[in-house]
Structures are given as C-alpha cells and as structure tokens.
There are 2 protein chains.
Amino acid sequence: MSRPYHHGALRDALLEQAQALLAEQGLSAVSLRELARRAGVSHSAPERHFSNRQALLDALTVRGFTLLAAAIRQALADHGDRPEDGFRAVARAYVSFALDNAALLELMFSSKAGHHDDAVASAAEDLFALTSGLVGESLGDKATTSVSPLRLVVVSTLQGIADLAAAGRIQPDEIDSVIDEAVSVFIPVLMHRRGQLA
Amino acid sequence: MSRPYHHGALRDALLEQAQALLAEQGLSAVSLRELARRAGVSHSAPERHFSNRQALLDALTVRGFTLLAAAIRQALADHGDRPEDGFRAVARAYVSFALDNAALLELMFSSKAGHHDDAVASAAEDLFALTSGLVGESLGDKATTSVSPLRLVVVSTLQGIADLAAAGRIQPDEIDSVIDEAVSVFIPVLMHRRGQLA
DNA sequence: ACCTGAACACCGTTCAAGT
DNA sequence: ACCTGAACACCGTTCAAGT
C-alpha cells in the first residue's frame, strides 16, 4: 500500500497545506518546496499543477474570495428582515473572516501592480458585487444597477473595519460597538435615499 | 577619488533604494543583496545597519507612516476652516498617498501576526491618533480624549477608500465623488453629535 | 567603526528521464 | 498523464578576516 506513485489529489492537497502555512507562518513561508515536502512528493511535482509560485498564490486568493463570499451569503440568509440586521450580519461575517484569515485577506487585497489573473479578477468582482449589492437591496431595485458613490463608501467602510480589526487597531472588544455605530450612521442615510427615490 | 571604502551614508542609501524597489517591483524584489548591489557595497555590508531583512522592512514601514502623517498634516494646514474641508483634504491626501505608494501602504498595514517592533508600533499610533483626531476636532475638545466608536468608523472609512483605490476597485475618476459622498454622510452626523455634547 | 569574502542552507525554475 | 532528480541562479544569514 503506502503512498502510490501518483498522489491522486495533489493539487487540492497543496492548496490545503498552503492555506494552513499562510495562516501559521505568513506569506513568505509559503514555498513550493515546503508544500511538496508536506505532501510527500518531490520538489518539482507541484509544477504540474501550478506553473509557478504566483499561480499557486492566485489559486489561494480565489479560494479566499470564494470562502468570504460564502460566509457573507450565509450571514445574509440568516439575518432578520430589517435592513440594519442584514448590514450588521454582513459586517460581522466580514470581520470574523478577517480575524481568522488575516494573511489570506492581505493576499486577496494586495494590489500586485502589474498582475492580472482572470480567475482572481472575477472572484474579486463577485465579492464586490455582493457587498455593494447590500446597499442596492436597501435602496430597492431602482438603484441596483448603478454603482453609486454611496455604495463605494459603504464597501470601503466594511473593508476598513475588517482591515483595522485584522491589524489589531480595532480591539476585539471594540468590534461590536464599531459595527453598531456604522449601522447607525449608514442606515438612516440609506432610508432617506430610498425615500427620495420612491 | 571613486567610491571610498566607507560608503558614508549607507543606511539612508539602502532605505532610499528599498523604497524605489518596492514601488517598482513589489515586496519580493526588495532583497538585501540587490540593495547592496545598487549601493555598490558587498552583499553583507547592509548587515551592519539592518540586522536582518525584517529590520530593513520595519525601517521602511516607519518611513511610510512618517511620510503619510506629514502629508495629512500638510493637508490639514492648507484646508479651509469648515470641518468638511478638513475631512475632504485629509481623505484626498490619504488616497493620493495610497495611489503613489500602494506597495508601501500594504507593507504598513500588513498584520505580521507575531511581529512587534516598537518603532513601527509608535509610528502607526501617531498616524492613528492624527486621523482619529480629525473627528475629535469636529466634536470639540470635550470628546478628544476617548476613542469613540464613531472615530473608528471614520478612520475605517478613510482606510477602506484608500485601500480600494490602491487596489483599483475604486477607479481614479470615481475617487472625488466617493470622498464627497463620505463627507456628506459623516459631517451631518458629526455636527449632530457636537450639538448633543454642547 | 565599517566593510569584505567564503560558507551554508534555503528557494524558484527548468528539463531530461523515469513509471 | 504524472512524478523524479540533477542543475542553475538566486536569496538570507553568519562569521573570520581585512582597513
């Protein structure tokens, strides 16, 4: 028995280990050679699945966006009917992801100046549409097609709270009060806009 | 003449080159050996000034916080008297820094889980006090001592806008309208709170 | 006080060869 | 189709030695 010549699911195993390594020891510790070692294959076996280190990091990034989007969808599905409940639930899911996956979040939002991967771009776009859709939902269908400045402000605030929480600038015991404050700032503005549109 | 045995200002030269390399080719391109090459010294000369690569990155991070804080102070000094002018000027300075120094901003706000450098922590604290002080200024002296949730929401929004702009999720031509929207959301809230405190 | 040069253990990437 | 093993050029870090 032992391990067969073909690993069988090397690609998934590498990604799994990569996520763990990233969380435990940071981005610089995520090396193809170390991942190969942990998977029990030779140092050049990963090359079949990821043509270089960047390709592996891209796949990890896509995974991160997918996980975060799923967490946010779950939060939305579980929330109460009132707009402020949805907002609060999404903010909590976002921050919770940021605290549990700080290094992954950084990887997801690193700008990578000259870097353009289609799968990464589309996963990022999905998340962006989801969070900015929050605002559209509050405003009603009339406003869901345009990406208004207000949406971008709300998305920025969510992103900023998650960032500062992950960086420890917002302490764990302050998080709920900060989210509640954001809700109390934005909900009246959203309600007022909805009134104007009606 | 030529280059003397002692470089004379190697530390500053290394930091200067490091900032340029970071902006041009990203964090992974910032190697001690490449910096030594560019400075015209042996590969182990930098070790006198930075005991390891992390120490150099820490120094670069401190530089970043100092530069950003200076830009924000300048913006505050140049602004009009009205609170919304101050807010707008700071937001623009923040975003402008983020666009010009995307990789440096990432380095500054990377969480570095187990990483604690006193100089970095104190530079970060200075910036944080400066941006959150914005809100205190609007609220009057009564509120400047406590870090209220509202301050943290405002700081988060500034940080989020800068992040999303640097990552290209907010397009350059959308930035001014997003900043104006943030001003129009927060200024009435700040004015209202000030009224309650008076 | 500051810098050099050799040494060591790591890394990404490439490629002929094996199964 | 998938994996191995050797090779190459890079890197951070250490340390005895030079100026």
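Quick caveat: nothing in here was measured; it's all calculated off a predicted structure.

### Details of the overall build of chain A
Point 1. Broken down by element type, chain A carries eight helices and zero strands.
Point 2. Element order for chain A, N to C, with α for helix and β for strand: α-α-α-α-α-α-α-α.
Point 3. Here chain A holds 198 residues, and 48% of them are scored as buried.
Point 4. Within chain A, contacts between residues at least 6 apart in sequence are counted, and of these 69% link residues at least 24 apart.

### A closer look at the interface of chain B and chain A
Point 1. Taken together, the contacts link 35 residues of chain B with 35 residues of chain A.
Point 2. The junction of chain B with chain A conceals about 2800 Å² of combined surface from both sides, 65% of it contributed by carbon and sulfur atoms.
Point 3. Interface area lost by chain B to chain A is led by Leu164(B), Arg169(B) and Glu181(B), which between them contribute 21%.
Point 4. At the surface where chain B touches chain A, the tally comes to four salt bridges.
Point 5. Among the salt bridges present, the one from Glu125(B) reaches Arg169(A), with a minimum N-O distance of 2.6 Å.
Point 6. In this assembly, chain B and chain A are joined by five residue pairs in polar contact (both at pLDDT 80 or more).
Point 7. Among the elements of the structure, α5 (102-109), α6 (118-139), α7 (149-166) and α8 (175-197) of chain B are those that each provide at least two residues to the side of chain B that touches chain A.
Point 8. Ranked by the residues each element gives to the side of chain B that touches chain A, the list is headed by α7(B), at 13 residues.
Point 9. Among the residues forming the side of chain B that touches chain A, the class breakdown is 19 nonpolar, eight polar and eight charged.

### Here's the deal with the pattern of salt bridges
All names here are of chain A.
Point 1. What the rule picks out here adds up to 18 salt bridges over all chains.
Point 2. Residues Asp 180 and Arg 88 are paired through a salt bridge, measuring 2.6 Å at the closest nitrogen-oxygen approach. With a gap of 92 residues between them, Asp 180 in helix α8 (residues 175-197) and Arg 88 in helix α4 (residues 83-100) connect regions that are remote in the sequence.
Point 3. Shared partners join several salt bridges into a network, and the residues in it are Glu 34, Arg 37 and Arg 38.

### A short note on the relation of the copies chain B and chain A
Point 1. Superposing chain B onto chain A requires a rotation of 180° together with a translation of 0.0 Å along the rotation axis, leaving an RMSD of 0.0 Å. Expressed as a symmetry operation, the mapping of one chain copy onto the other fits a two-fold axis.

### Considering the packing of aromatic side chains
Point 1. Throughout the structure, instances matching the rule amount to five aromatic pairs over all chains.
Point 2. Between Phe65(A) and Phe109(A), the ring centres sit 5.7 Å apart and the planes meet at 70°, which makes this aromatic pair edge-to-face. With Phe65(A) in helix α3 (residues 53-78) and Phe109(A) in helix α5 (residues 102-109), this pair connects stretches of sequence that are 44 residues apart.
Point 3. Of the residues examined, Phe65(A) reaches a relative accessible area of 3% and is grouped as buried.
Point 4. Through a chain of ring-to-ring contacts, three or more aromatic side chains come together here, namely Phe87(A), Phe186(A), Phe87(B) and Phe186(B).

### Overview of the environment of Ala182(B)
Point 1. Relative to the elements of secondary structure, Ala182(B) occurs in helix α8.
Point 2. Separated by 173 residues in the primary sequence, Ala182(B) and Ala9(B) place their C-alpha atoms 44 Å from one another.
Point 3. Once you skip the residues sitting within four places of it in the chain, Ala182(B) turns out to touch Val153(A), Phe87(B) and Ile161(B).

### Concerning the domain arrangement of chain A
Residue and element names in this part refer to chain A.
Point 1. Segmentation of chain A into domains returns domain 1 (1-50) and domain 2 (58-197).
Point 2. The C-alpha centroid of domain 2 is placed 31 Å from the C-alpha centroid of domain 1.
Point 3. Approximately 730 Å² of surface area, both sides summed, lies buried where domain 1 meets domain 2, with 70% of it carried by carbon and sulfur atoms.
Point 4. For the domain 1 face of the interface with domain 2, the top three residues by lost area are Leu 15, Gln 19 and Leu 22, together amounting to 67%.
Point 5. At the boundary of domain 1 with domain 2, the tally comes to one salt bridge.
Point 6. The salt bridge involving Glu 16 is made with Arg 63; its shortest N-O contact spans 2.9 Å.
Point 7. Counting the contacts that link domain 1 with domain 2 gives two residue pairs in polar contact (both at pLDDT 80 or more).

### Let's talk about the packing of helix α4 (residues 83-100) of chain B against α7(B)
Residues and elements named next belong to chain B.
Point 1. The geometry of α4 relative to α7 is characterised by a closest axis approach of 8 Å and an angle of 35° between their N-to-C directions. Crossing angle aside, the handedness with which α4 passes α7 is right-handed. Contacts between α4 and α7 pair Phe 87, Val 90, Ala 91, Tyr 94, Val 95, Ala 98 and Leu 99 from the former with Val 154, Leu 158, Gln 159, Ile 161, Ala 162, Ala 165 and Ala 166 from the latter.
Point 2. Split into classes, the residues belonging to the contact of α4 with α7 amount to 13 nonpolar, one polar and no charged.

Reading the values: rules and limits
- Residues numbered from 1 in each chain as written.
- Chains lettered and ligands numbered in written order.
- Predicted model: local features only at pLDDT ≥ 70, side-chain atom pairs only at ≥ 80, totals over all residues.
- Heavy atoms only, no water.
- Helix = DSSP H or I, 4+ residues; strand = E, 2+ residues; numbered from the N terminus.
- Buried < 20%, exposed > 50% of the residue type's maximum accessible area, 1.4 Å probe, protein only.
- Contact = heavy atoms within 4.5 Å.
- Buried area = accessible area lost by both parts, 1.4 Å probe.
- Salt bridge = Lys/Arg side-chain N within 4 Å of Asp/Glu carboxyl O.
- Polar contact = N/O pair within 3.5 Å; in protein donor to acceptor, adjacent residues only side chain to side chain.
- Nonpolar A, V, L, I, M, F, W, Y, C, P; charged D, E, K, R; others polar.
- Least-squares fit on C-alpha atoms with pLDDT ≥ 70 in both.
- Phe/Tyr/Trp six-rings, centres within 6.5 Å; stacked < 30°, edge-to-face > 60°.
- Domains from an automatic or database assignment.
- Axes fitted to C-alpha atoms, helices over the stretch in contact; angles between N-to-C directions.
- Left-handed = near helix turned anticlockwise from the far one by under 90°.

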